[in-house]
Structure formats: structure tokens, C-alpha cells
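# Chain and residue survey
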Amino acid sequence: MNFPDRLGIRKEEERKGYVRMSMLTTEDHGNIHGTVHGAVIFALIDSAFEVISNQERKAVA
């Protein structure tokens, strides 16, 4: 199981130059303000970047 799988990040749609990812958040993903922690948001963004940047290459990220 990879890191995005552990966080519940899913690839909803992918086509050339586009990817849509999603994840369900829980209280476990919260920060001291009661909102989603920035690291969780960044992990979602980073996972999308990994997919999109490797569409035409074998490995970059």
C-alpha cells in the first residue's frame, strides 16, 4: 500500500494534461483550528502532481 492509498486519496478522472483526485477527510486530519491540516491538503496536491507529471514519462516524481 502506498502513501496516497493510506490517506484514502483516489484518482477520479485522468486524461492527457488533466487529473482529478479526491479524498474523504475526518477529524483525524484536523488541525488546532478544527479545519483540515495543510499537510493533508498538500499530500492531495502532491499526489495529483505525481500522476500528471508522469503521464508521458516512466518516472519523474
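Computed from a prediction, not measured in an experiment: that's the story for all the values here.

## Digging into the pattern of salt bridges
This structure, assessed with the given rule, holds 5 salt bridges. Between Lys11 and Glu14 there is a salt bridge, with the nearest N and O atoms lying 2.7 Å from each other. Since its relative accessible area comes to 36%, Glu14 is described here as partly exposed. One salt bridge connects Glu13 with Arg15, and the closest N-O pair in it is separated by 2.4 Å. Sharing partners across several salt bridges, the network here consists of Glu13, Arg15 and Arg20.

## What to know about the pairing of strand β1 (residues 10-15)
Strand direction decides the pairing type here: β1 and strand β2 (residues 18-22), joined by 5 bridges, are antiparallel. Paired with Arg15 across the bridge in β2 is Tyr18. As consecutive antiparallel partners, β1 and β2 are separated by 2 residues, and within that stretch Gly17 has a phi angle of approximately 80 degrees, a positive value.

## Focus on the packing of aromatic side chains
Overall, the coordinates contain 0 aromatic pairs when judged by the stated rule. Just above the ring of Tyr18 sits the side chain of Arg15; from NZ or CZ to the centre is 4.1 Å.

## Brief notes about helix α2 (residues 38-53)
Helix length check: α2, at 16 residues, gives a terminal C-alpha distance of 22 Å against a target of 22 Å (1.5 Å per residue), a fit within 8%. For α2, the full list of buried residues reads Val40, Ala43, Ser47, Ala48, Val51 and Ser53.

## Here's the deal with the confidence of the model for the protein chain
Any segment with low pLDDT has predicted coordinates that should not be analysed in fine detail. Taken residue by residue, the protein chain gives an average pLDDT of 92. The fraction at 70 or more is 93%. Confidence, read as mean pLDDT per element, is least for helix α1 (residues 3-7) in the protein chain (93) and greatest for β2 (97).

## A closer look at the nonpolar core
In a soluble, globular protein the nonpolar side chains are often hidden away together inside. In terms of nonpolar packing, the biggest core is built from 9 residues, these being Leu7, Ile9, Val19, Met21, Met23, Val40, Ala43, Ala48 and Val51. Those elements that place two or more of their residues in this core are β2 and α2. Broken down by element, the residue count for this core peaks at 4 residues, all from α2. Other than its neighbours up to four places away in sequence, Ile9 contacts Pro4, Met21, Ser22, Met23, Ala43, Leu44 and Ser47.

Rules used throughout
Residues numbered from 1 in each chain as written. Predicted model: local features only at pLDDT ≥ 70, side-chain atom pairs only at ≥ 80, totals over all residues. Heavy atoms only, no water. Salt bridge = Lys/Arg side-chain N within 4 Å of Asp/Glu carboxyl O. Buried < 20%, exposed > 50% of the residue type's maximum accessible area, 1.4 Å probe, protein only. Pairing = 2+ DSSP bridges. Helix = DSSP H or I, 4+ residues; strand = E, 2+ residues; numbered from the N terminus. Phe/Tyr/Trp six-rings, centres within 6.5 Å; stacked < 30°, edge-to-face > 60°. Lys NZ or Arg CZ within 6 Å of the ring centre and 35° of its normal. Expected span 1.5 Å × (residues − 1). pLDDT = per-residue confidence, 0-100. Core = buried A, V, L, I, M, F, W, Y, C linked by side-chain atoms within 4.5 Å. Contact = heavy atoms within 4.5 Å.

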